[in-house]
Amino acid sequence: MSKPLLQIIIASTRPTRAGAAVGAWIADAARAQGGFDVEVVDLVDVDLPIFNEPNHPMTGNYVHEHTKRWSATISRAQAFVIVTPEYNHSFPGSLKNALDYLSREWRYKAVGLVSYGGVSAGLRAVTQLKPVLAALRMVPVTDAVSVPFLGQRLDESGAFRSDELIDASAKKMLDELVTVGTALIPLQTPAGD
């Protein structure tokens, strides 16, 4: 029997971002946890234009190929981890845009949050993000990972270096994602239904 699919969504699209390094680390932690098959979805690669569908996302009546591809990608997953920086006390516009493109594809799927930043560790971004996730009927798990002073956690090659506390937070969040994510699967319907 196959495992449910967990997608790690890397939210930042800036050329100098550290999100890819944090995303690679949490993807490795999720694979080691073993409860999910894991796929990394980098919004740089998705490359969505500013929302330009003529129909409301709730209809699922998509006109543009980029939206159809995005819908197919997100429809494959049963749970998510969103890796987000904090920009001006909120999350990046690239993430809001990606979320706004779809509706039914997000419903009743568990989501874990990995935030990073300076002294606030991205917590203000998470505070702004949770109401958006709730409006999409996603289910954020309580446990999360917050990484303060990210610049001090990148080695010379740009790889992310966690520590015992961050690793423990990740394990707790991933364990909760398995429990909640698995319980929600019966509520999930294919995007076309």
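Residues numbered from 1 in each chain as written. Predicted model: local features only at pLDDT ≥ 70, side-chain atom pairs only at ≥ 80, totals over all residues. Heavy atoms only, no water.

**Describing the overall build of the chain**
From N to C terminus, the chain includes six helices and six strands. For the chain, the N- to C-terminal ordering of α and β elements is β-α-β-α-α-β-α-β-α-β-β-α. Here the C-alpha atoms of the chain give a radius of gyration of 16 Å, agreeing with the 16 Å that 2.2 N^0.38 yields for 193 residues. Considered along the principal axes of its C-alpha atoms, the chain spans approximately 45 × 35 × 25 Å. Considering only contacts within the chain whose residues lie at least 6 apart along the sequence, 81% involve residues at least 24 apart. (Helix = DSSP H or I, 4+ residues; strand = E, 2+ residues; numbered from the N terminus. Rg over C-alpha atoms; globule rule 2.2 N^0.38 Å. Contact = heavy atoms within 4.5 Å.)

**Quick notes on the packing of helix H1 (residues 19–33) against helix H6 (residues 164–184)**
Two elements in contact, H1 and H6, have axes whose closest approach is 10 Å; the angle formed by their N-to-C orientations is 60 degrees. As the angle between them shows, H1 and H6 are arranged oblique. At the point where H1 passes H6, the crossing takes the right-handed sense. For the pair formed by H1 and H6, the contact residues are Trp25, Ile26, Ala29, Ala30 and Gln33 on the first element and Ile166, Asp167, Ala170, Met173, Leu174, Asp175 and Val178 on the second. Partitioning the contact of H1 with H6 into residue classes produces nine nonpolar, one polar and two charged. (Axes fitted to C-alpha atoms, helices over the stretch in contact; angles between N-to-C directions. Parallel < 35°, antiparallel > 145°, perpendicular 65-115°, else oblique. Left-handed = near helix turned anticlockwise from the far one by under 90°. Nonpolar A, V, L, I, M, F, W, Y, C, P; charged D, E, K, R; others polar.)

**A closer look at the pairing of strand E2 (residues 37–42)**
Working note: regular strand, side chains alternate between the two faces of the sheet. Note: strand E1 (residues 5–10) against E2, six bridges, orientation parallel. Note on E2: the bridge partner recorded for isoleucine 9 is valine 41. For the handedness criterion, the β-α-β arrangement of E1, H1 and E2 is classed as right-handed. (Pairing = 2+ DSSP bridges. Right-handed = clockwise from strand over helix to strand, strands pointing away.)

**Some words on the packing of helix H4 (residues 93–100) against helix H5 (residues 123–135)**
Packed helices, taken two at a time, are described by the angle between their axes plus the distance between the axes. For the pair H4 and H5, the least separation of the axes is 11 Å and the interaxial angle reads 5 degrees. Classed by the angle they form, the pair H4 and H5 counts as roughly parallel. Two secondary-structure elements touch here, H4 through Leu95, Lys96 and Leu99 and H5 through Leu129, Val132 and Leu133. For the contact of H4 with H5, the class distribution of residues is five nonpolar, no polar and one charged.

**What to know about the pairing of strand E3 (residues 79–85)**
Of all the seven residues making up E3, seven are buried; the element is thus mostly covered by neighbouring parts of the structure. Going residue by residue along E3, you find Ala79, Val81, Val83 and Pro85 tucked away on one face and Phe80, Ile82 and Thr84 tucked away on the opposite face as well. With seven bridges connecting them, E3 and strand E4 (residues 110–116) associate as parallel partners. Of the residues in E4, the one forming a bridge with proline 85 is tyrosine 116. (Buried < 20%, exposed > 50% of the residue type's maximum accessible area, 1.4 Å probe, protein only.)

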